[in-house]
Amino acid sequence: MYPSRRVFAPSTLAISCATLGFSAIYYYARGLMTFKDIMDSIATGFKSMVPALLILIFAWSLSEITVLLGVNEYVSGIFSAVFFGISMSITPIVGYHLGNNNSHEIDLLWKNGLLLMLGIGILNGAVCFGLASPIAGIFVGYDTDVMQMAMEALRISAFCFLLYGMTTFGSAFYTGLNDGTASLVIAGIKSFILPILLVLVLPQLFGIKGIWLVNPIAELITIIVLLIMSKNIQSHLFKGDRI
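Report on the accompanying structure. (Residues numbered from 1 in each chain as written. Predicted model: local features only at pLDDT ≥ 70, side-chain atom pairs only at ≥ 80, totals over all residues. Heavy atoms only, no water.)

1. Brief notes about a nonpolar patch on the surface
Here is step 1 of the chain: On the surface, a nonpolar cluster with roughly 500 Å² of combined accessible area is contributed by L20, Y28, F35, M39 and I42.
Here is step 2 of the chain: Elements with a contribution of two residues or more to the nonpolar patch: α1 (5-29) and α2 (35-61).
Here is step 3 of the chain: Relative to the helices and strands, L20 resides in helix α1. (Patch = residues over 30% accessible without salt bridge, like charges linked within 9 Å, V, L, I, M, F, W, Y side chains within 5 Å. Areas by Shrake-Rupley, 256 points an atom, 1.4 Å probe, with all protein chains shown as cover. Salt bridge = Lys/Arg side-chain N within 4 Å of Asp/Glu carboxyl O. Helix = DSSP H or I, 4+ residues; strand = E, 2+ residues; numbered from the N terminus.)

Written out as structure tokens, the structure reads:
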């Protein structure tokens, strides 16, 4: 007989927290990491786990439409991998130029990276929107009603790709700048805080369509926050205060 979820979840959380605490104490006692290093590592690790937590929250909240969610998440995962791969490859390059005090190259990476992500986002969004019918047919072609719902979900989610790459790039960019706080704020807003709030509100206003509006609206708000943050940070970052 399988253990109850109510028992399994808290016990897993307790074990995870105990392991984290033991590791932190061990590295601090050995002098291998400072308290600040430990806190930065926890923040970075939490940021990396946000997408997985988001998927679990969606699955638990929307169990009655897991088929549609599976289609959307699968397709989104494929397109998102492109953005994630490019963003992760940029991080060490930004760190390299940061170490060499090359603010001009960092500025170029920032501007060109955002333009590149926007271009790829437009391409991915167009593909997802234009091929919504055959993609939905592969997964749920056996049910016409469900297929129509899946097509609508894919077409709404296609608009998410216009901004998804830029917000992902922004988070990775600040990681390369050794600004873990800014990186965590961007990742937390786009993948955790806004989706949780929106998934509770939008379905009440728009029904099932509100579920698919969660990510596009979250990305739109996040890109606004990113642009505001980049203005304030770049105002001293590229003048040499931190580089």
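2. Details of the pattern of salt bridges
Here is step 1 of the chain: One pass over the full model with this rule turns up three salt bridges.
Here is step 2 of the chain: For the salt bridge of D107 with K111, the shortest nitrogen-to-oxygen distance reads 3.6 Å. Of this pair, D107 and K111 both sit in helix α4 (residues 103-130), four residues apart, which is roughly one turn of the helix.
Here is step 3 of the chain: Residue K111 is classed as partly exposed on the basis of its relative accessible area, which comes to 46%. (Buried < 20%, exposed > 50% of the residue type's maximum accessible area, 1.4 Å probe, protein only.)

3. Side note on helix α6 (residues 144-158)
For an α-helix the count is 3.6 residues per turn, leaving residues at separations of three or four pointing the same way.
Here is step 1 of the chain: Between its first and last C-alpha, α6 extends 21 Å over 15 residues, near the 21 Å set by a 1.5 Å rise per residue.
Here is step 2 of the chain: Turning to α6, its buried residues number three or more, namely M147, A150, M151, A153, L154, I156, S157 and A158. (Expected span 1.5 Å × (residues − 1).)

4. Side note on the nonpolar core
Here is step 1 of the chain: In terms of nonpolar packing, the biggest core is built from 31 residues, with W110, F169, F173, Y174 and L177 touching the most fellow members.
Here is step 2 of the chain: Of all the secondary-structure elements, those providing two or more residues to this core are α3 (66-99), α4, α5 (132-140), α6, α7 (161-176), α8 (180-206) and α9 (208-237).
Here is step 3 of the chain: In terms of residue count, the dominant contributor to this core is α4 (seven residues).
Here is step 4 of the chain: Not counting the four nearest positions on each side in its chain, F173 is found in contact with V94, I106, L109 and W110.
Here is step 5 of the chain: Core analysis: the second largest hydrophobic core is formed by seven residues, L194, L198, V199 and L202 among them. (Core = buried A, V, L, I, M, F, W, Y, C linked by side-chain atoms within 4.5 Å. Contact = heavy atoms within 4.5 Å.)

5. Focus: the side chain of T91
Here is step 1 of the chain: Inspection of the secondary structure assignment puts T91 in helix α3.
Here is step 2 of the chain: Within the structure, T91 has its side chain in polar contact with the backbone oxygen of A172 (distance 3.2 Å).
Here is step 3 of the chain: Apart from the residues lying within four places of it in its own chain, the contact partners of T91 are A172, T175 and G176. (Polar contact = N/O pair within 3.5 Å; in protein donor to acceptor, adjacent residues only side chain to side chain.)

6. Topic: the packing of aromatic side chains
Here is step 1 of the chain: All told, the structure shown has six aromatic pairs when counted by the stated rule.
Here is step 2 of the chain: Ring geometry for W110 versus F169: centroids 6.2 Å apart, planes at 35°, classification tilted. Taken together, the positions of W110 in helix α4 and F169 in helix α7 put the pair 59 residues apart, joining distant regions of the chain.
Here is step 3 of the chain: Relative accessible area serves as the criterion here: at 1%, F169 is assigned to the buried category.
Here is step 4 of the chain: Their ring planes at 55° and their centres at 5.9 Å tell us that W110 and Y174 sit as a pair that is tilted. Taken together, the residues W110 in helix α4 and Y174 in helix α7 connect sequence positions 64 residues apart. (Phe/Tyr/Trp six-rings, centres within 6.5 Å; stacked < 30°, edge-to-face > 60°.)

7. Concerning α8
Here is step 1 of the chain: Helix length check: α8, at 27 residues, gives a terminal C-alpha distance of 36 Å against a target of 39 Å (1.5 Å per residue), a fit within 8%.
Here is step 2 of the chain: Its maximal kink placed at I189, α8 deviates by approximately 50°.
Here is step 3 of the chain: G207 occupies a position one or two residues after α8 and carries a positive phi of about 70°. (Bend = angle between axes of the 7 residues up to and from the residue.)

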